[in-house]
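# Inside the fold
So you can see what is in the structure, the chains are spelled out below.
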Amino acid sequence: MKYEMPFAIDRARLYAAVASLPCKFPGCPGCPDVQVSHSNQSRDGKGMGLKAYPWRVAAIGRKHHVEIDSGKNLTGDERVELWESAHRATMGALFETGRVRPVAKLPVQYHQEEFQ
Ligand SMILES: [Zn+2]
């Protein structure tokens, strides 16, 4: 099973937009090879063999991505806190830079309650 977005192309567009941002790991001056880092938290839909919701992502450079996923210097709580900060900064940057924009009008088949 895989979580889908209402429009299939949106996932690829979102991931490309995220990967185009500078690394959002707290305190990072901008390390290279920014990747799309997915949440590892069950509250974000993560489960056995299942990636989190497509929008629970953060722009994180490769070395910091490894540190968050498998580094030995961080506790579990620290990993969550650092990823959360990166996720919030990523979502902010997507909107601030116009990479994500609300649509003017939802297509008729997508009513508001389906997005809650
Ligand atoms: Zn970094």
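My aim in this report is to walk through the structure given alongside it, one point at a time. (Residues numbered from 1 in each chain as written. Predicted model: local features only at pLDDT ≥ 70, side-chain atom pairs only at ≥ 80, totals over all residues.)

With that settled, consider the nonpolar core. Counting residues in hydrophobic clusters, the biggest one holds 13 residues, and the most contacted among them are Ala 58, Ala 59, Ile 60 and Ala 86. Elements that contribute at least two residues to this core include exactly β2 (57-61) and α3 (76-96). (Core = buried A, V, L, I, M, F, W, Y, C linked by C-beta atoms within 7 Å. Buried ≥ 20, exposed ≤ 12 C-beta atoms within 10 Å, placed from the backbone. Helix = DSSP H or I, 4+ residues; strand = E, 2+ residues; numbered from the N terminus.)

The α-helix advances 3.6 residues per turn, and as a result positions three or four apart in sequence lie on the same side. Three or more residues of helix α2 (residues 62-70) are buried, namely His 64, His 65 and Ile 68. Viewed along the axis of α2, the buried residues span an arc of 105°, placing them on a single side of the element. Across α2 from its buried face, at more than 90 degrees, point the exposed residues Val 66 and Ser 70. In this structure, the buried side of α2 is in contact with β1 (34-38), β2 and α3. (Arc of directions from axis to C-beta. Contact = placed C-beta atoms within 7 Å.)

Following the sequence through the fold, Asp 44 ends up in the loop between β1 and β2. In sequence terms Asp 44 and Met 1 are 43 residues apart; their C-alpha atoms lie 15 Å from each other. For Asp 44, the residues in contact, after removing those within four places along its chain, are Ser 39, Ala 52, Tyr 53 and Arg 56.

Our next topic: the pairing of β2. Of all five residues making up β2, five are buried, and the element is well covered by its neighbours. Side chains Val 57, Ala 59 and Gly 61 project from β2 onto one buried face, and the interleaved Ala 58 and Ile 60 project onto a second face that is buried too. Bridge count for β1 against β2 is five bridges, and the pairing is antiparallel. In the strand pairing of β2, Gln 35 is matched with Ile 60. (Pairing = 2+ DSSP bridges.)

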